Amino acid sequence: MANITQLKHLEHIEDEMLNYGVEGCHASVRAMKELLRMMGKKSKPFVQTKWDGAPSVVCGKDPVTGFFFVGTKSVFAKTEPKLCFNEDQIDGWYSGDLAEKLKFSLRYFSQLGIDGVVQGDLLFTTDKKKEKVEGEDLITFRPNTITYGIPVDHVIGKKVDAAKIGIVFHTHYEGDDLPTMVAKAGAPIHTFNQVKEVAVIDNDTPYHDIAVPKTTLATFDRHVQTIERMCAICGPFLNELVDNMGTTGDKKFHVASFLKQFFNSEIKQARTITNVQTTMKRLGSFYHEKMMKEIDKVKSDKAKTAKRMLLYSGLEYIEQHQREFNAMLAMYKKMQEAKQLVIDQLDHLETFRTYVQTSNGYRLTNPEGYVLHHNGDMIKLVNRIEFSYINFTLSKEWK
């Protein structure tokens, strides 16, 4: 996984081999080893709990003018960066609910005395409320997919109750101008002014409280060793897949360019890799179906013939590299299993409650996931079968 310049999107640890080939695979192994040391209390990495907030707000002092601004990730745009120094600029670039949230951000975050530039996920403005859930009095808010519930008598609950806006700041930036600033883990929230209207939530994961059984550590170690061996076997093929991925020309229709789509499709259907041969058959069917839709889009016989040739070429590629695909899928599965061992050790550490709202009311779930910061890399650990399935399938609107 690569070092982050501006934090616009984090990839799942098991997808890094699809992004960077063998180097992504090796980076994932290094991360896994660091996680093993963390669980064995032999290192002190920086771990953050991922909050499912929205929108992502970037704010602070413009390093050029020194004036306070707010905005979204578009503040980093090299052409026409959307820094908002006042409400008129917010209205000029944004509308609706997003504009209102940015106005709240400008009004209240400017009082925090932020020295520099930080980024965070907005949790609530006017949409928090008090509810009794399973007999417990909670303050709830739903910024995106997950509903958060904090006991009203908890120190954080009292803070949220008094606030008009809530946020988790997770990143700070270093540099002399926004387009070239580099993202760094964490934000100096303990240096901010205490403003009762603002609930700044600390998202450091209390991983030091974990007590991992030796049997779990041994299992995780075996997983990592297996993944490392598989990296050596799959390396050249992983690089070949990366070389064949693309968004233009013929590469757009190579089977490699459909792999992430395929894995997301499997998650939508709550399917895991239990048998690599079965998953391979589904991959072939998925690619065939997607390419047939591409063929149906074009009108001329010549264009249809060209697209069919790409389809046949892709299916032939799968057939000729079935052994390599099977090995790649086996390693992908093993990475997911190792990652889940870590997530299971962290999920019970937080004091807040997380729910998804269904037609039958709230259903208890786990936090979205975690981010491990190691040697400048940001590594996302998410139970995709749980959270991503929820994110893909449940409506973002209150039912």
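Higher on the page you've got the structure.
Residues numbered from 1 in each chain as written. Predicted model: local features only at pLDDT ≥ 70, side-chain atom pairs only at ≥ 80, totals over all residues. Heavy atoms only, no water.

Glancing now at unusual backbone geometry. Note: most peptide bonds trans; most residues except glycine with negative phi. Here the amide bond leading from Ala54 into Pro55 is cis, since omega sits at 0°, within 30 degrees of zero. Inspection of the secondary structure puts Pro55 in the loop between strand E1 (46-50) and strand E2 (56-61). Despite not being glycine, Glu80 shows a phi value in the positive range, around 55°. Within the fold, Glu80 resides in the loop between strand E3 (68-71) and helix H3 (87-93). At Glu134, a residue that is not glycine, the phi angle is positive and equals roughly 50°. Inspection of the secondary structure assignment puts Glu134 in the loop between strand E5 (129-133) and strand E6 (136-141). (Helix = DSSP H or I, 4+ residues; strand = E, 2+ residues; numbered from the N terminus.)

Next up on the list: the side chain of Glu294. Here Glu294 lies in helix H8 (residues 276-297). By relative accessible area, which is 16% here, Glu294 ends up buried. When residues no more than four places from it in sequence are discounted, the contact partners of Glu294 are Phe253 and Lys307. (Buried < 20%, exposed > 50% of the residue type's maximum accessible area, 1.4 Å probe, protein only. Contact = heavy atoms within 4.5 Å.)

In sheet architecture, strand pairing relies on hydrogen bonds along the backbone and comes in two forms, parallel and antiparallel. One open sheet accounts for five strands, arranged E5-E6-E7-E11-E12; its pairing is antiparallel. Of all strands in the sheet, those with a lone pairing partner are E5 and strand E12 (361-365), marking the two edges. Geometrically, the sheet is characterised by an average inter-axis angle of 45° between neighbouring strands, direction not taken into account. Two strands pair when backbone bridges link them, and E6 and strand E7 (residues 147-151) are joined in this way by four bridges, in the antiparallel orientation. Note that in E7 the partner of Phe141 across the bridge is Tyr148. (Pairing = 2+ DSSP bridges. Axes fitted to C-alpha atoms, helices over the stretch in contact; angles between N-to-C directions.)

Glancing now at the packing of H8 against helix H9 (residues 301-320). Interaxial distance between H8 and H9 falls to 9 Å at its minimum, and their mutual angle equals 170°. By the criterion of interaxial angle, the relationship of H8 to H9 is roughly antiparallel. Note on element contacts: H9 touches H8 through Lys304, Lys307, Arg308, Leu310, Leu311, Gly314, Leu315 and Ile318, opposite Met280, Gly284, Tyr287, His288, Met291, Met292, Glu294, Ile295 and Asp296. Split by residue class, the contact of H8 with H9 holds nine nonpolar, three polar and five charged. (Parallel < 35°, antiparallel > 145°, perpendicular 65-115°, else oblique. Nonpolar A, V, L, I, M, F, W, Y, C, P; charged D, E, K, R; others polar.)

All right, on to the state of the cysteines then. Inspection of the entire model under this criterion finds one disulfide. The partner cysteine of Cys25 in its disulfide is Cys231, sulfur to sulfur 1.7 Å. What sets the handedness of the Cys25 and Cys231 disulfide is the S-S torsion sign, and at about -80° it is left-handed. Of this pair, Cys25 sits in helix H2 (residues 22-39) while Cys231 sits in helix H6 (residues 214-244), and the two are 206 residues apart along the sequence. For Cys231, a relative accessible area of 1% puts it in the buried group. (Disulfide = S-S within 2.5 Å.)

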